[in-house]
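The chain contents come next:
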Amino acid sequence: MRALVISGGGSKGAFAGGVAQYLINDLGKKYDLFLGTSTGSLLVSHLALSKLEEIKHFYTSVNQSSIFSNCPFIIKKKRGYINISINHFNVLRNLLKKRKSFGDSSNLRDLIASAISIEDFEILKSESVDVIVTVTNLSTNEVEYKLLKDCEYEDFLDWIWISCNYPPFMSLVRKNNCDYVDGGLGSMVPIEEAIKRGATELDVIVLETEVNYLNRMPTKNPFSLITNMVNFMMDKIEVQNIRIGKYHAMQKDVTMDLYYTPTVLTTNSLVFDKEKMTEWWANGYKFAKQKNNSNPL
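Residues numbered from 1 in each chain as written. Predicted model: local features only at pLDDT ≥ 70, side-chain atom pairs only at ≥ 80, totals over all residues. Heavy atoms only, no water.

(A) Examining the state of the cysteines more closely. All chains considered together, the criterion is met by 0 disulfides. Here Cys 151 stays unpaired: no disulfide links it, and the sulfur of Cys 164, its closest cysteine neighbor, is 15 Å away. Looking at Cys 164, the relative accessible area reads 8%, which means it is buried. (Disulfide = S-S within 2.5 Å. Buried < 20%, exposed > 50% of the residue type's maximum accessible area, 1.4 Å probe, protein only.)

Here it is as structure tokens:
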């Protein structure tokens, strides 16, 4: 069984899309299992349907307002650089509405519904491939993997949305009497789950560099402290996921190919810039092509 696993990474998902485009369209790889976390969950349905151009358009046309109905950030471009700060007014407005996070990502839920039709969902339900998204259940303190074939249409759209909701800046969702957030909070790179489900060949797209090249900027306020803390925790979760995944792959004699980003794409993956994401998609495609040409199958 061959599986494609895509990690979390916000706007960096555009790079993963470019890698997947090369693997599926150019190399002609057929996958039995598509498993995604966070931004990876946005990709897997279209990849399973081989709708590469549609998902490319999705990733290269969105902006902040496509994702947030109430954005907790102020983003300014100055002399070619992006400056990011907290939008205190929007954060206060969200808290006054008794919401449980600093921002509201309801627009993303609407965008997902427009991108994945019920016809697409029914096709995937009838196909032999499995499509799975990762979510974190804060109420039960567990990671859950939602198989499309076990879901109804609206529920599956909810799970994709939930998998992408990066705490505490995006929506916390109450579903089935539990609080749910981004799957990356528990399983950033779900290699182990793919192996448990029978995968014997894995292509894994990791939306971070293999070696840490980044020293974070000094903390300026409580909000940047929270951001740095969450990023630190998710980075450590990612490293642990990969280490455990490699161990299980070795024990089960699973073939695994990892695609890391060759450079640091961004220091804030919640900034959705159409020009940058278009560039990252192209870079992902070129990187996968170079990697496979230097290491032919």
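(B) Local environment of the environment of Leu 4. Position of Leu 4 relative to the elements: it lies in strand E1 (residues 2–6). Given the relative accessible area of 0%, Leu 4 is considered buried. Along the primary structure Leu 4 and Pro 168 are separated by 164 residues, whereas in three dimensions their C-alpha atoms are 28 Å apart. Discounting chain neighbours no more than four positions away, the residues touching Leu 4 are Ala 20, Leu 23, Tyr 31, Leu 33, Phe 34, Leu 35, Leu 47, Asp 203 and Ile 205. (Helix = DSSP H or I, 4+ residues; strand = E, 2+ residues; numbered from the N terminus. Contact = heavy atoms within 4.5 Å.)

(C) Just the packing of helix H2 (residues 39–48) against helix H3 (residues 52–59), in detail. Across the interface, H2 lies against H3 with an axial gap of 8 Å and an inter-helix angle of 150°. As far as their axial angle goes, H3 and H2 are roughly antiparallel. Like other packed secondary-structure pairs, H2 and H3 cross with a definite hand, here right-handed. Every residue of H3 that contacts H2 at Thr 39, Leu 42, Leu 43, His 46 and Leu 47 is listed here: Leu 52, Glu 54, Ile 55, Phe 58 and Tyr 59. Across the contact of H2 with H3, the residue classes tally to 7 nonpolar, 2 polar and 1 charged. (Axes fitted to C-alpha atoms, helices over the stretch in contact; angles between N-to-C directions. Parallel < 35°, antiparallel > 145°, perpendicular 65-115°, else oblique. Left-handed = near helix turned anticlockwise from the far one by under 90°. Nonpolar A, V, L, I, M, F, W, Y, C, P; charged D, E, K, R; others polar.)

(D) Molecular detail of empty space enclosed by the protein. A complete count under the given rule lists 1 cavity of 30 Å³ or more for this structure. Counted as a void, the largest cavity has a volume near 40 Å³. As for the largest cavity, its lining consists of Ser 41, Leu 42, His 46, Ile 55, Phe 58, Ile 112, Ala 115, Ile 116 and Ile 160. At the level of elements, H2, H3 and helix H6 (106–115) are the ones that each hand at least two residues to the lining of the largest cavity. It is H2 that contributes the most residues to the lining of the largest cavity, 3 residues altogether. Grouping the amino acids of the lining of the largest cavity by side-chain chemistry returns 7 nonpolar, 2 polar and no charged. (1 Å grid on protein atoms, 1.4 Å probe; cavity = no way out; pocket = protein on both sides within 12 Å on 5 of 7 lines; lining within 4 Å. Points joined across faces, edges and corners; volume = space filled by probe spheres on them.)

(E) Focus on a nonpolar patch on the surface. Judged by side-chain polarity, Leu 225, Met 229, Phe 232 and Met 233 come together as a nonpolar surface patch covering roughly 390 Å² of accessible area. Here Met 233 is to be found in helix H10 (residues 222–251). Taking relative accessible area as the criterion, Met 233 reaches 40% and is therefore assigned partly exposed. (Patch = residues over 30% accessible without salt bridge, like charges linked within 9 Å, V, L, I, M, F, W, Y side chains within 5 Å. Areas by Shrake-Rupley, 256 points an atom, 1.4 Å probe, with all protein chains shown as cover. Salt bridge = Lys/Arg side-chain N within 4 Å of Asp/Glu carboxyl O.)

(F) Molecular detail of H2. Counting buried positions along H2 gives 10 out of 10 residues, so the element sits mostly inside the fold. The complete set of buried residues in H2 reads Thr 39, Gly 40, Ser 41, Leu 42, Leu 43, Val 44, Ser 45, His 46, Leu 47 and Ala 48. Looking one or two residues beyond H2, the residue adopting positive phi is Ser 50, at roughly 60°.

(G) The pairing of strand E8 (residues 178–182), seen in detail. In terms of burial, E8 is a largely internal element, 5 of the 5 residues being buried. Relative to E8, strand E5 (residues 130–137) is paired through 3 bridges, and the arrangement is antiparallel. Looking across to E8, one finds that Asn 137 is bridged to Tyr 180. Relative to E8, strand E7 (residues 173–175) runs antiparallel, the two being bridged by 3 bridges. Paired with Val 173 across the strands is Tyr 180, a residue of E8. (Pairing = 2+ DSSP bridges.)

(H) Summary view of the pattern of salt bridges. Within the structure shown, the criterion is met by 15 salt bridges. For the salt bridge of Arg 197 with Glu 193, the shortest nitrogen-to-oxygen distance reads 2.8 Å. Among the charged side chains, a salt-bridge network with shared partners connects Arg 109, Glu 154, Asp 155, Asp 158 and Lys 175.

Geometric descriptors of this kind do not, in isolation, establish any biological role.
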